[in-house]
Amino acid sequence: MIEGPYFVLTVLGALACGVSAGVFIAFSTFVMKGLAALPPAQGIAAMQAINVAAVSPAFMVVFMGAAALCLVLAVVTFVLWPEQGTVELLLGSALQLVGAFGVTVAANIPRNDALAKLDPEAPDGAGPWRTYVSEWLMWNHIRGGASLAASASFILALT
């Protein structure tokens, strides 16, 4: 059984991944749907504002903290190679690092950067907005599922 500081680290990893999953799932299930229902100029402007606000200490602590915890968990797991939970710990770490952090860096941030360059009032903004919403949501679903699966994997490692 996982004990001591390793136990605390695993619990914190499960919680951080769970909170990340909650944020991603909220965006997938109602935030983006609400923004997509707005006229394109309003949806673009609102998402641009959200993207600026997202780079806040509170969100960055959760998002970067989950990645850092998973990196530490993976390293500690390789070093200690526990008798139980090894697969679950490594799987949970990989899911968060690749499926949430990696997807964010490779897919969502570039789309956010492109959206930031759009003029919400431009007459041709509707097409790029629809494409953005569709593609961004697809990658966000992956992030949400990966974070949720990472959290579950860490919980399974504790049992």
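The residue count restarts for each chain, going from 1 along the sequence in the order it is written. Confidence filtering applies because this is a predicted model: local features only for residues at pLDDT of at least 70, side-chain atom pairs given and counted only at 80 or more, and all residues used for totals across whole chains, interfaces and linings. Side-chain numbers here rest on the full set of heavy atoms in the structure, without hydrogens or water.

So, unusual backbone geometry
So, step 1. Within the chain, Trp 81 stands out as a residue other than glycine whose phi angle is a positive 40 degrees.
So, step 2. Numbering of helices and strands starts at the N terminus; helices are DSSP runs of H or I of at least 4 residues and strands are runs of E of at least 2. Mapped onto the elements of the fold, Trp 81 is located in the loop between α3 (57-80) and α4 (86-116).

Some words on the pattern of salt bridges
So, step 1. For this document, the term salt bridge refers to a Lys or Arg side-chain nitrogen within 4 Å of an Asp or Glu carboxyl oxygen. Counted by the stated rule, this structure contains one salt bridge.
So, step 2. Residue Glu 135 is joined to Arg 111 by a salt bridge in which the shortest nitrogen-to-oxygen separation is 3.1 Å. You can see Glu 135 sitting in helix α5 (residues 126-158) and its partner Arg 111 sitting in helix α4, a full 24 residues away along the chain.

Side note on the packing of helix α2 (residues 40-54) against α4
So, step 1. Here an axis means a line fitted to C-alpha atoms, over the contact stretch when the element is a helix, while the angle between two N-to-C directions is reported on a 0 to 180 degree scale. At their nearest, the axes of α2 and α4 sit 10 Å apart, and the two run at 125 degrees to each other. Put simply, α2 runs oblique to α4. Crossing of α2 against α4: the hand is left-handed. Here Ile 44, Met 47, Gln 48 and Asn 51 of α2 come into contact with α4, specifically with Asn 112, Leu 115 and Ala 116.
So, step 2. Classification convention: Asp, Glu, Lys, Arg as charged; Ala, Val, Leu, Ile, Met, Phe, Trp, Tyr, Cys, Pro as nonpolar; all other residues, Gly among them, as polar. When its residues are assigned to classes, the contact of α2 with α4 shows four nonpolar, three polar and no charged. Put simply, angles under 35 degrees are roughly parallel, angles over 145 are roughly antiparallel, angles from 65 to 115 are roughly perpendicular, and the rest are oblique. In this scheme, a crossing is called left-handed if the near helix is turned counterclockwise away from the far one by less than a right angle; it is called right-handed if the turn is clockwise. Contacts: residue pairs with any heavy atoms within 4.5 Å of one another.

Things to note about a nonpolar patch on the surface
So, step 1. By definition, no residue in a patch forms a salt bridge, and every one has over 30% relative accessible area; like charges are joined within 9 Å, nonpolar side chains (Val, Leu, Ile, Met, Phe, Trp, Tyr) within 5 Å. Residue exposure ignores everything except the shown protein chains as possible cover, and the areas themselves are Shrake-Rupley values with a 1.4 Å probe. A cluster of nonpolar side chains, contributed by Met 1, Phe 7, Val 8, Leu 12 and Leu 15, occupies part of the molecular surface with about 500 Å² of accessible area.
So, step 2. You can see Phe 7 is positioned in helix α1 (residues 4-37).
So, step 3. Taking relative accessible area as the criterion, Phe 7 reaches 31% and is therefore assigned partly exposed. Throughout, exposure labels follow a simple rule: accessible area from a 1.4 Å probe, protein chains only, divided by the maximum for the residue type, with under 20% read as buried, over 50% as exposed, and the rest as partly exposed.

Thoughts on the nonpolar core
So, step 1. Note on terminology: a nonpolar core comprises buried Ala, Val, Leu, Ile, Met, Phe, Trp, Tyr and Cys residues joined through side-chain atoms within 4.5 Å. Formed by 15 residues in total, the largest nonpolar core has its most connected members in Ile 2, Tyr 6, Cys 17, Leu 73, Leu 89 and Phe 154.
So, step 2. Counting residues per element, the ones that place at least two in this core are α1, α3 and α5.
So, step 3. Of all the elements, α1 adds the most residues to this core, at five residues.
So, step 4. Not counting residues up to four positions away in its chain, the partners in contact with Leu 73 are Tyr 6, Leu 9, Thr 10, Gly 13, Leu 89, Ser 93 and Phe 154.
So, step 5. Of all hydrophobic cores here, the second largest spans 11 residues; its members include Met 32, Leu 35, Trp 129 and Trp 136.

Interpretation in functional terms is not warranted from these geometric data alone.
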